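Next come the chains, spelled out residue by residue.
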Amino acid sequence: ITTLKDFFDTSERAELRRIIETGGNANDKLMFIDNGNKLSDFFRQHYILGNINGCNKRDLINWIVENFKFRHRKTIKDFNFKTVEKTISAQESPCKNKIM
């Protein structure tokens, strides 16, 4: 969470911590202030390392789609299941500029 929090507004960090610790859902989608594939890749890496327990990849993808939005150039976008699925299921990381 320490490295991830820098990509969210300070007003959203407590909610970010809560949903990561509980696996629950955010009251409102949280804004990731960078490219969406960077957040998807962050969770992909933690899933591979075994830091995310109690869910399968499909659950993780749905959780990301339901709880986050991101900035793409100058627009705000929602995550798309198929796009997140490509990142989570990739054999190699598609993200060149990783969070971790």
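Everything below is about the structure shown above.
Heads up: these notes are all about the structure in this document. (Residues numbered from 1 in each chain as written. Predicted model: local features only at pLDDT ≥ 70, side-chain atom pairs only at ≥ 80, totals over all residues. Heavy atoms only, no water.)

### Let's talk about unusual backbone geometry
Part 1: In the Ramachandran plot, Arg 73 falls in the positive-phi region, its phi being about 55 degrees despite a non-glycine side chain.
Part 2: For Arg 73, the location among the structural elements is in the loop between β2 (68-72) and β3 (75-78).
Part 3: Arg 73 gets classed as exposed once you look at its relative accessible area, which sits at 73%. (Helix = DSSP H or I, 4+ residues; strand = E, 2+ residues; numbered from the N terminus. Buried < 20%, exposed > 50% of the residue type's maximum accessible area, 1.4 Å probe, protein only.)

### Looking at helix α3 (residues 36-48)
Since there are 3.6 residues in each turn of an α-helix, residues three or four apart along the chain are aligned in direction.
Part 1: If you check α3, its first and last C-alpha atoms are 19 Å apart, about what 13 residues at 1.5 Å a residue would give, namely 18 Å.
Part 2: For α3, a buried count of ten out of 13 residues is recorded, marking the element as mostly surrounded by other parts of the structure.
Part 3: Of the positions making up α3, those classed as buried are Gly 36, Lys 38, Leu 39, Ser 40, Asp 41, Phe 42, Phe 43, Arg 44, Gln 45 and His 46.
Part 4: In the segment just after α3, Gly 50 is the residue with positive phi, at about 85 degrees. (Expected span 1.5 Å × (residues − 1).)

### With respect to the nonpolar core
Part 1: Within the largest apolar cluster, 22 residues are counted, with the highest numbers of intra-cluster contacts made by Leu 4, Phe 8, Phe 43, Ile 64 and Phe 68.
Part 2: Mapped onto this core, the elements with two or more residues apiece are α2 (13-22), β1 (30-32), α3, α4 (57-67), β2 and α5 (81-89).
Part 3: Of all the elements, α4 adds the most residues to this core, at five residues.
Part 4: Those residues in contact with Ile 64 that sit more than four places away from it in its chain are Phe 43, Phe 79, Val 84 and Ile 88. (Core = buried A, V, L, I, M, F, W, Y, C linked by side-chain atoms within 4.5 Å. Contact = heavy atoms within 4.5 Å.)

### Regarding the pattern of salt bridges
Part 1: A complete count under the given rule lists six salt bridges for this structure.
Part 2: Here Glu 21 ties to Arg 17 by a salt bridge, and the two come within 3.0 Å at their closest N and O atoms. Pair noted here: Glu 21 and Arg 17 are both in helix α2, with a separation of four residues, about one helical turn.
Part 3: With a relative accessible area of 40%, Arg 17 lands in the partly exposed category.
Part 4: Note that Lys 38 is salt-bridged to Asp 34, the shortest N-O span being 3.0 Å. (Salt bridge = Lys/Arg side-chain N within 4 Å of Asp/Glu carboxyl O.)

### Some thoughts on the packing of aromatic side chains
Part 1: Scanning the model with the defined rule gives eight aromatic pairs in all.
Part 2: Between Phe 43 and Trp 63, the aromatic rings sit 5.3 Å apart at their centres with planes inclined by 90 degrees, giving edge-to-face as the arrangement. Placement of the pair is Phe 43 in helix α3 and Trp 63 in helix α4, with a sequence separation of 20 residues.
Part 3: On the basis of relative accessible area, Phe 43 is assigned to the buried category, the value being 4%.
Part 4: Aromatic side chains Trp 63 and Phe 68 sit 5.4 Å apart centroid to centroid with 75 degrees between the ring planes, which places their arrangement in the edge-to-face category.
Part 5: Among the residues examined, Trp 63 registers a relative accessible area of 12% and is labelled buried.
Part 6: With relative accessibility at 0%, the residue Phe 68 sits in the buried group.
Part 7: Grouped by ring-pair contacts, the aromatic residues Phe 7, Phe 8, Phe 32, Phe 42, Phe 43, Trp 63 and Phe 68 constitute a single cluster. (Phe/Tyr/Trp six-rings, centres within 6.5 Å; stacked < 30°, edge-to-face > 60°.)

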